[in-house]
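# Tertiary structure, described
One-letter residues, chain by chain:
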Amino acid sequence: MTPPVVLAVAATDPGGGAGLAADLATFAALGVHGGCVVTAITVQDTRGVHGIHPVPADVVAAQLDAVLGDLPVAVIKTGMLATPEAVRLLAERVVLARVTSGSRGQGRPLLVVDPVLRATTGATLADAAVVAAYREHLLPLATVVTPNADEDAVLGRGHGAAVLRTGSGAPDVLHRPGREPLDIPHARVATTNDHGTGCTHASALAAYLALGHDLATAAHRAADFTSRRLATSSTWDLGRGRGPIAHISTSSMTETEGVTA
Ligand SMILES: Nc1ncnc2c1ncn2[C@@H]1O[C@H](COP(=O)(O)OP(=O)(O)OP(=O)(O)O)[C@@H](O)[C@H]1O
Ligand SMILES: Cc1ncc(CO)c(N)n1
């Protein structure tokens, strides 16, 4: 069966924990085809972000036009967008894009915005101009935004999109316009091997939406998927800082047991 297509618009992480590596691994694990538009190359490791090199705006635009002009993108998931120009030109294309085949018919692709403003390590990943561009151009188009508590405070509300507020030890809370907030409980995993957790969670949410689940169901499943990945990485010893969240499952590790040992 032809899978739905989810397009990640985000940056690279050479260590493979966060950004596009997390997005594509999560899409593959959940059975959707993933595209990836690169907005920036980061220099980072599990200890911190050492450099961010934005891709020129016309090259971001050309990548988007290539994919959106060819594949039936059901859901667009954004991560680090790096510049206000990238935020704006993506928003312009989201308005014009149409899903030309697949389960969602002829409408606009759904839009999952993971506002990457700060890394787990505390590094700032977006400046005030990027935040302003999010507020003005992208958030009003979003199906759902997935800020953590800090990002929620920085971005504010009033843009009309649903908000799945994550992190800070409490359950995730899904806020939908005109409806009561809904708690999304998830099993808490005691681990510092969590680099890339936000990217993994938002990508799982995007994949479940592409598979046809409603927002509440997709949020429950994304929380469950993320907890299971953290449970897998909790026993790992990778990197000198906050190790990566697992992008492989316990069962795929069993399959390869002995091959690399
Ligand atoms: N230790 C944990 N155990 C279980 N779930 C977790 C844990 N840490 C985070 N999560 C879940 O993962 C999702 C994303 O987490 P969080 O909001 O902390 O990401 P983030 O701050 O955006 O991450 P990053 O900045 O690394 O991308 C949320 O659903 C959150 O509840
Ligand atoms: C590329 C990239 N995207 C997102 C994050 C947030 O964790 C990160 N550290 N790096």
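Residues numbered from 1 in each chain as written. Chains lettered and ligands numbered in written order. Predicted model: local features only at pLDDT ≥ 70, side-chain atom pairs only at ≥ 80, totals over all residues. Heavy atoms only, no water.

- Looking at an unreviewed UniProt entry, one finds the chain named Bifunctional hydroxymethylpyrimidine kinase/phosphomethylpyrimidine kinase and attributed to Nocardioides immobilis.
- You can read under Function (unreviewed entry) in the UniProt record for the chain the words "Catalyzes the phosphorylation of hydroxymethylpyrimidine phosphate (HMP-P) to HMP-PP, and of HMP to HMP-P."
- Note on the chain: under the UniProt heading Pathway (unreviewed entry), the record states "Cofactor biosynthesis; thiamine diphosphate biosynthesis; 4-amino-2-methyl-5-diphosphomethylpyrimidine from 5-amino-1-(5-phospho-D-ribosyl)imidazole: step 3/3." (UniProt positions renumbered as here; feature names shortened; annotations may be inferred.)

### Some remarks on the overall build of the chain
- For the chain, the helix and strand inventory stands at eight helices and nine strands.
- For 261 residues, the compact-globule estimate of 2.2 N^0.38 gives 18 Å, and the chain sits close to it at 17 Å.
- Seen along its three principal axes, the alpha-carbon backbone of the chain occupies a region of about 50 × 40 × 40 Å.
- Burial status across the chain gives 49% buried among its 261 residues.
- Taking the contacts inside the chain whose residues are at least 6 apart along the sequence as the reference set, 62% of them involve residues at least 24 apart.
- Counting every atom, the chain has about 11700 Å² of accessible surface; 55% of that belongs to carbon and sulfur.
- Considering the chain, the positive charge centre built from 19 side chains and the negative charge centre built from 23 side chains are found 4 Å apart. (Helix = DSSP H or I, 4+ residues; strand = E, 2+ residues; numbered from the N terminus. Rg over C-alpha atoms; globule rule 2.2 N^0.38 Å. Buried < 20%, exposed > 50% of the residue type's maximum accessible area, 1.4 Å probe, protein only. Contact = heavy atoms within 4.5 Å. Areas by Shrake-Rupley, 256 points an atom, 1.4 Å probe, with all protein chains shown as cover. Lys, Arg positive; Asp, Glu negative; His and termini not counted. Charge placed at Lys NZ, Arg CZ, Asp CG, Glu CD.)

### Here's the deal with the packing of helix α3 (residues 84-96) against helix α4 (residues 128-138)
- Interaxial distance between α3 and α4 falls to 8 Å at its minimum, and their mutual angle equals 10°. Our classification of the angle between α3 and α4 gives roughly parallel. The segment α3 lies against α4, with P84, V87, R88, L90 and A91 engaging A129, V130, A133, Y134, H137 and L138.
- Across the contact of α3 with α4, the residue classes tally to nine nonpolar, one polar and one charged. (Axes fitted to C-alpha atoms, helices over the stretch in contact; angles between N-to-C directions. Parallel < 35°, antiparallel > 145°, perpendicular 65-115°, else oblique. Nonpolar A, V, L, I, M, F, W, Y, C, P; charged D, E, K, R; others polar.)

### Here we look at the site of ligand 2
- Surveying the vicinity of ligand 2 reveals the residues A11, T12, A18, G19, T42, Q44, M80, V116, L125, H195 and C199.
- The contact in question runs from a nitrogen atom of ligand 2 to an N or O atom on the side chain of Q44, over 2.9 Å.
- In the complex, the protein chains occlude 94% of the 290 Å² of accessible area that ligand 2 would expose alone.
- At the level of elements, β1 (5-12) and β2 (33-45) are the ones that each hand at least two residues to the shell around ligand 2.
- Among the residues making up the shell around ligand 2, the classes are represented as six nonpolar, five polar and no charged. (Near = heavy atom within 4 Å. Polar contact = N/O pair within 3.5 Å; in protein donor to acceptor, adjacent residues only side chain to side chain.)

### Thoughts on the pattern of salt bridges
- In total, this model carries eight salt bridges according to the counting rule given.
- Residue R93 is joined to D65 by a salt bridge in which the shortest nitrogen-to-oxygen separation is 2.7 Å. Taken together, the residues R93 in helix α3 and D65 in helix α2 (residues 57-68) connect sequence positions 28 residues apart.
- Note that R228 and D224 form a salt bridge whose closest N and O atoms lie 3.3 Å from each other. Placement of both R228 and D224 in helix α7 (residues 215-233) is noted, with a separation of four residues, approximately one turn of the helix.
- Judged by relative accessible area, which is 41%, D224 ranks as partly exposed.
- Sharing partners across several salt bridges, the network here consists of D65, E92 and R93. (Salt bridge = Lys/Arg side-chain N within 4 Å of Asp/Glu carboxyl O.)

### Let's talk about the packing of helix α1 (residues 19-30) against helix α6 (residues 197-210)
- The geometry of α1 relative to α6 is characterised by a closest axis approach of 8 Å and an angle of 40° between their N-to-C directions. Here α1 lies oblique to α6, going by the angle between them. Of the two possible hands of crossing, α1 and α6 adopt the one that is right-handed. Counting all contacts with α1, which are made through G19, A22, D23, T26, F27 and L30, the residues of α6 involved are C199, T200, S203, A204, A207 and Y208.
- Across the contact of α1 with α6, the residue classes tally to seven nonpolar, four polar and one charged. (Left-handed = near helix turned anticlockwise from the far one by under 90°.)

### Thoughts on the state of the cysteines
- For the structure on display, the rule yields zero disulfides.
- Among the cysteines around C36, which has no disulfide bond, C199 carries the closest sulfur, lying 13 Å off.
- Owing to a relative accessible area of 35%, C36 belongs among the partly exposed residues under this scheme.
- On the basis of relative accessible area, C199 is assigned to the buried category, the value being 13%. (Disulfide = S-S within 2.5 Å.)

### Description of the sheet that holds strand β5 (residues 110-113)
- Spatially, nine strands are ordered β3-β2-β1-β4-β5-β6-β7-β8-β9 in an open sheet, and the strand pairing comes out mixed. The strands lining the two open edges of the sheet, one partner per strand, are β3 (48-54) and β9 (182-184).
- Bridge count for strand β4 (residues 73-78) against β5 is four bridges, and the pairing is parallel. When the sheet's bridge partners are listed, K77 is paired in β5 with V112. (Pairing = 2+ DSSP bridges.)

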